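Spelled out from the first residue to the last, the chains are:
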Amino acid sequence: MDKFVVRGGIELNGSISVRGAKNAILPMIAGALLLEKGECIIHNVPDISDIRNFLSLIELLGAKSRFNTEERTLIINAENLSNPEAPYDIVRKMRASFLVTGALLARFGHAMVALPGGCSIGARPVNLHIEGFKRLGAKITEEKGYILAQADKLKGKTIYFDRPSHTGTENIMMAAANAEGTTRIINAACDPEVKSFADFLNSMGAKIYGAGTPYIMIEGVPSLSPTEFTPIGDRLEAGTYLYGALITGGDIEVSGVDPQHLEFPLLKMREMGAEIKTTSSTIRLRMRGKPKSVNLTTFPYPGFPTDLQPMAMVAATICDGTSYIRETVFENRFNHVMELIRLGGMIAVAGDTATVTGTEKLRGAEVMASDIRAGAALTLAGLVADGKTEILRVYHIDRGYERLEEKLSSLGASIERTQQ
Ligand code: EPU
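A brief look at the structure comes next. In this text the structure is predicted, and so the values were computed from the model without any measurement. (Residues numbered from 1 in each chain as written. Predicted model: local features only at pLDDT ≥ 70, side-chain atom pairs only at ≥ 80, totals over all residues. Heavy atoms only, no water.)

**Some remarks on the nonpolar core**
Considering soluble globular proteins, one finds that nonpolar side chains tend to be buried as a cluster. Counting 79 residues, the largest nonpolar core has Phe54, Met173 and Leu201 as the members making the most contacts within it. Sorting elements by how many residues they give to this core places helix α1 (residues 22-31) first, with six residues. For Met173, the contacting residues outside a window of four places in its chain are Ile185, Val194, Phe197, Ala198, Leu201, Ile208, Ile216 and Ile218. In terms of nonpolar packing, the next biggest core, distinct from the first, is built from 67 residues, Val18, Met269, Ile325 and Ala365 among them. (Core = buried A, V, L, I, M, F, W, Y, C linked by side-chain atoms within 4.5 Å. Buried < 20%, exposed > 50% of the residue type's maximum accessible area, 1.4 Å probe, protein only. Helix = DSSP H or I, 4+ residues; strand = E, 2+ residues; numbered from the N terminus. Contact = heavy atoms within 4.5 Å.)

Structure representation (structure tokens):
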């Protein structure tokens, strides 16, 4: 296992660009399974382990993929897809694997996919996905930890989500793309990645309207065609670098991201004292002095993203005053708190709210990553902690960030990857 060794106290400065959004590309890989003839080509793909694992899964199902890591191009051919069964061994490593359910159901009329189980950030049930498949006419049974979905012909219907689900919305879009008639999703997830995924399916000939809003309409089409597509830039990768510059008092420009996708985080960064200038695809953040305290509540898009809450909390630990950070998307996304306390952060959690009292300095220590975003946040904390911080279990970070240590080093950070 690898670890990061970070030496704190250096400002982040310079320019950096982001790759395509992980959470848009994962559903695209699943969506490529809908294609019976020809290939799907996806550009600007990051080389991260979630994508590698997803490719192993679709190969197990009978699809072929070629990932040219120099050109950053991923080619998927699902002509010989033959096995509608996604085993627990892969699904448990990556919940997004459940995304193959909608595609397999649409392609074969049946799918057998392991139930993902809980993960470190919460129970994360898939009831909304399942209720949606049922509404479209699928018969769902559960056997030995697997979901068996079966349908002679999926038929368009109106599906009401009690709450917006990101991958739930994507799963239903895939199941409905070839269904008979029109499907409507009410209270759909509005995330930019969901919109980018709908654009991808539309580029294959699907008829999806309203993605990016809570009302999505999908008119079923008989078949889809090959496509070549570039996903949106990764707003969460961009947000991570921006918080890095904010806490170190740096000056960076991030390119390849649409600032509108980060409207809420940028507002909160400004409230903390950052100067921010944007163009249609770049964000420049300049920070002078100590950050000011901030209150925020995570909420489904366009609210403040739960995925940037751990980074915002790192900023709160070193600011002037007290910040209140409320997590409403996942019930357990405070795993980084105990680790930040090890670094000298003053944080108290009661229910869904963390009260963070700013302190003069964090102090380097050994900490452990427990999920992608907690790991990235702890790495940022190391950038401002006195002395040496070691982040263990870097494999969590590698799931969602390509060589985070090299990216941060290119902005001046002192960080290296060594064996744990
Ligand atoms: N939920 C249900 N029932 C469902 C589905 C969701 O109760 O059937 C609940 C969840 O338990 C959670 C909330 O609804 O409390 C939101 O979950 P959502 O389904 O939107 O999350 P997801 O689709 O499993 C995606 C991202 C996550 C990101 C969340 C929230 C992908 C592959 N994953 O997960 O990304 O945190 O949306 O925006 O798109 C990450 O990139 O590090 C990551 C965890």
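**Looking at the sheet that holds strand β7 (residues 110-114)**
Sheet architecture is open: four strands sit in the order β6-β7-β9-β8, paired in mixed fashion. Either end of the sheet is taken by a strand with one partner, and the two such strands are β6 (85-86) and β8 (139-143). Across five bridges, the pairing between β7 and strand β9 (residues 146-150) is antiparallel. Looking at the pairing, Val113 lines up with Ile147 of β9. (Pairing = 2+ DSSP bridges.)

**Describing the site of the ligand**
For the ligand, the set of nearby residues contains 21 residues, the closest of which are Asn127, Leu128, Ser165, Thr167 and Val329. Between the ligand and Arg124, the relevant distance is 3.0 Å, taken from an oxygen atom to a side-chain nitrogen or oxygen of the residue. For the ligand, whose accessible area on its own is 830 Å², the fraction buried by protein is 89%. Broken down by secondary-structure element, the contributors of at least two residues to the shell around the ligand are α1, α5 (127-135), α6 (166-177) and α12 (372-384). Here the element with the most residues in the shell around the ligand is α5; it accounts for three residues. For the shell around the ligand, the class distribution of residues is eight nonpolar, seven polar and six charged. Here the shell around the ligand spans two domains, since at least three of its residues come from each of domain 1 (2-18 + 233-419) and domain 2 (22-229). (Near = heavy atom within 4 Å. Polar contact = N/O pair within 3.5 Å; in protein donor to acceptor, adjacent residues only side chain to side chain. Areas by Shrake-Rupley, 256 points an atom, 1.4 Å probe, with all protein chains shown as cover. Nonpolar A, V, L, I, M, F, W, Y, C, P; charged D, E, K, R; others polar. Domains from an automatic or database assignment.)

**Observations regarding the sheet that holds strand β16 (residues 275-278)**
Hydrogen bonds between backbone groups are what pair the strands of a sheet, and the pairing can be parallel or antiparallel. The sheet built from four strands is open, its strands ordered β2-β15-β17-β16 with mixed pairing. A strand with exactly one partner marks an edge of an open sheet, and here the two such strands are β2 (13-17) and β16. Along the sheet, successive strands turn relative to each other by an average axial angle of 15°, direction set aside. Direction of pairing for β16 relative to strand β17 (residues 282-286): antiparallel, over a ladder of four bridges. Bridge assignment links Ile276 to a residue of β17, and that residue is Leu285. Against the sheet, helix α8 (residues 235-248) contacts β2, β15 (251-255) and β17, and its axis sits at roughly 175° relative to β15. On top of the sheet, helix α9 (residues 263-271) reaches β16 and β17; it is set at about 145° to β16, its chief contact. (Axes fitted to C-alpha atoms, helices over the stretch in contact; angles between N-to-C directions.)

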